[in-house]
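Architecture at a glance
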Amino acid sequence: MMRLISAFITALALLLAATARAGDNPEDSARRFVRGHASALGMDFPQATLGDASHSVHLGQHILSFPVFHRDLPVFFHSVTVQIDDEGRVLRVTAGTNGQIDGDTVHPCPDGEPARDFAHMLDLNPSMVLSGWLRDPEEGLIPAIRVDVHPFAREPYSIYLDARSLNPLETQPLMWTADPLGSVFEENPVTTPDVQTVSLQYLNEPKDILEGAYAHVGRCLDAETCPETEPTAFPDDDGNFIFNPHLGPYTLNDPFSEVNAYHNISRINHWARDTFGWEGLFQGNTWIHVKVGQAWYNAAFYGGNDEIAAYIVFGQDVIDFAYDADVAFHEFGHAINRSIRSHPWYLRDAYGMDVSPFGIEEGFADIWATTYSGDPVMNSYVLLTRTADNDLVCPDDLMSEGHMEARILAGFGWDVRQRIGAHAWNHIVYRTLHFLESNAVFDDFVEALAKSAEDLADEALAGPANSKGWPEMEAGFADIIMEEGATRGLFDEECLRRLVPLPDGTPRRIYGYGRDRTNKRNRPTGLQWKITGDDDTKAFRLYLAWRYPDPDEVEPGYRVHISRGHPVEVTWLNVDDVEEGEDEFTVTADLTVEASPEFVDFPVCGLAPLEEGENVYILISANTKERIFVVDVEAFYLTTQPPPLTDGGLPTVSVAAAGGGPSCNHLACGSTDGAQSLLAAISQILQ
Ligand SMILES: [Zn+2]
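We now turn to the structure provided with this report.

Criteria and thresholds
Residues numbered from 1 in each chain as written. Predicted model: local features only at pLDDT ≥ 70, side-chain atom pairs only at ≥ 80, totals over all residues. Helix = DSSP H or I, 4+ residues; strand = E, 2+ residues; numbered from the N terminus. Buried ≥ 20, exposed ≤ 12 C-beta atoms within 10 Å, placed from the backbone. Arc of directions from axis to C-beta. Pairing = 2+ DSSP bridges. Core = buried A, V, L, I, M, F, W, Y, C linked by C-beta atoms within 7 Å. Contact = placed C-beta atoms within 7 Å. Axes fitted to C-alpha atoms, helices over the stretch in contact; angles between N-to-C directions.

A few words on the environment of V630. As for its placement among the helices and strands, V630 is situated in strand 31 (residues 628-638). With 117 residues separating them along the chain, V630 and Y513 place their C-alpha atoms 8.9 Å apart.

Shown next, in the form of structure tokens:
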């Protein structure tokens, strides 16, 4: 405050050197002078006006004192006084109080007290001054001048000045009218079904729509594509946003969801800035655009580009994603991540597509959601529930999809948080985002977190003055992080190569991306399954099932590549050479099964039986226009050659042996006993 005051004194000294134009009447000269120097006088706020001057003449000088108005309200006791001579020269300017409230109560400012020159205090950019009152326990209502300050990328606050002395009284978070109440779910309609009433904080004046310092919420005008939104939640007569939730499907006109979204996005946005000093901006703003009411079964964060501002969207389909706080926290977690760190969504290597960067992005988002809520269960309302309170490990639980891989990382993170505490963990995670390489994979992720923990412990140990709020950070936290990372398998060679064991009778699932998602090209998926022969295993049968999208509605489209002794080898092509619909890779495998088989037997035809300890690797590749697809697989280990498959009313496979083996198919290789023998064989296997 004092620094600002002295700056004003300097400004005032400059003003005194100026003159008004000669020849005008004194009031016009003085008025024009004040207008011309409004900024230096702290009056560059909108709607600042001067009232009628009081005019006195003293020792040949005209003394003109103007009251100041804001939005037609007098700014308490604020006046600008100009002393001007007969030639129109400005001799002296003071901006301050008139020192008097009423006849009974006189509060002169102390002599020589620079606080009189308070107009300077208003010269904050941008700033707004409003008159007001402050309740003091002893004095009752004190007339006060409130200055609202909106610093760049920080929480706005108000400074209250005693209107009589202009001494600062206190600062408060920006608040003018009382915060309206809003109806929300504390978590979601399942875990906390009773509607809560909360204060909706940080709304912009006059607090009649859901736009504030941290979120601007609107409803999609077009539920299909939603290029634009408008607010549809308006306060009742008391100024509150109280609505009933609509739990039915496809409720696209539901103001409750806007209130819920505003509440959740605002509070985590505020928390991130307050806790870490995070300064992420969305097209220059601290607030992010939030859309509700898109007919979509999902929610997402979009980072924006030159044409479209960043936003978060909550779909409303059979359920309303805006009703779930964890969904909001997860999506805003992406906003934090992406403001600090960019990365590719996948990497290419000889094993296929590596979606670890995608998994890390989703893992960080889940970590933000769980650590902010203090609850490991996410999305309890949304059907895709996942919890960080899990025992999932790498590589066994990989599924080649970011949100699925994130479960392992969030589980690891939750275990670390349980051991070192939320405060330390939050700061470690935040710091890690700043230096984690863009092409980081899982071991890099764990090592970077450990390095952050070490750095923070070093700073904390350097002394309280340098500890920046994490005095509880301990040197051993890095070791705990490495230990938990190892427990989750995140350093294992097989994890980093995404080679997932496929034991006898253990179902696995994989996600793949079709041409709609991959620039219209076919790609391999992100992991390979590994079958290891034992004493008795001579062959195996893969049972494959296309789970999504519904195979009754779309044509399943994938291929199976199998190699023995070494992983299937993927060679990536230059994308410029790949036409739409073609493969972006070539593959070296012993066997490639085309046409979305439901069964694959191995060995088949002329290939030798599996030997003890020998590994067989299986890679799926996409061959579909579908955006995303899901295939389940299960291996049954066989002690003898499997019976042949037939076309007797059941799915057939055509098998082509690669790598020099004989070309054949099932129908040619074995007997054609028909469906009965096949069913008997399968039921025997399944028992
Ligand atoms: Zn996500």
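With that settled, the discussion passes to helix 2 (residues 26-36). Among all positions in helix 2, only P26, S29, A30, F33 and V34 are buried. Relative to the axis of helix 2, the buried residues are bounded by an arc of 130 degrees and lie together on one face.

Our next topic: the pairing of strand 23 (residues 524-532). Note on strand geometry: in a regular strand, side chains alternate between the two faces of the sheet. The buried fraction of strand 23 is high, at seven of nine residues. Where strand 21 (residues 499-501) meets strand 23, three bridges bridge the pair, whose relative direction is parallel. Counterpart to L499 in the pairing with strand 23 is Q528. Pairing geometry for strand 23 and strand 30 (residues 615-622), over six bridges, is antiparallel. Across the sheet, K530 pairs through a bridge with Y617, a residue of strand 30.

Glancing now at unusual backbone geometry. Note that the residue after C394, namely P395, is joined by a cis bond; omega there is 5 degrees. Residue Y548 is joined to P549 through a cis peptide bond whose omega torsion reads -5 degrees. On the secondary structure map, P549 appears in the loop between strand 24 (539-548) and strand 25 (558-564). Of note in the backbone geometry, Q283 takes a positive phi value of approximately 50 degrees without being a glycine. Within the secondary structure layout, Q283 lies in the loop between helix 3 (255-276) and strand 14 (288-294).

Within the largest apolar cluster, 128 residues are counted, with the highest numbers of intra-cluster contacts made by A261, I265, I288, V290 and F445. Filtering out sequence-adjacent residues up to four positions away, F445 remains in contact with I360, L409, L436 and A440. Core analysis: the next-biggest nonpolar cluster, separate from the first, contains twelve residues, A53, L64, F66 and V82 among them.

Within a beta sheet, neighbouring strands are joined by backbone hydrogen bonds and run either parallel or antiparallel to one another. Pairing is mixed in the open sheet, where five strands are placed in the order 13-12-14-16-15. The open sheet has two edge strands with one neighbour each: strand 13 (229-230) and strand 15 (299-302). With five bridges joining them, strand 12 (residues 215-220) and strand 14 adopt parallel strand pairing. When the bridges of strand 14 are listed, V217 appears paired with V290. Along the sheet, helix 3 contacts strand 12, strand 14 and strand 16 (311-315); its crossing angle with strand 12, the most-contacted strand, is approximately 150 degrees. This element, helix 4 (residues 325-340), spans strand 14, strand 15 and strand 16 of the sheet and lies at about 20 degrees to strand 15.

Regarding helix 9 (residues 477-487), the residues found buried are F477, A478, I481, E484 and G485. Down the axis of helix 9, the buried side of the element spans an arc of 130 degrees, and every buried residue falls inside it. Taken together, the buried residues of helix 9 touch helix 6 (402-420), helix 7 (422-433) and helix 8 (442-461). G489 sits one or two residues past helix 9 and shows a positive phi near 75 degrees.

Along the chain, L499 turns up in strand 21. Here L499 falls in the buried class, since 20 other C-beta atoms lie within 10 Å of it. Remark: the alpha-carbon pair of L499 and I531, spanning 32 residues in sequence, is separated by 9.8 Å. Those residues within four positions of L499 in sequence are excluded, and the remaining contacts are P395, E494, Q528, K530, P567 and Y617.

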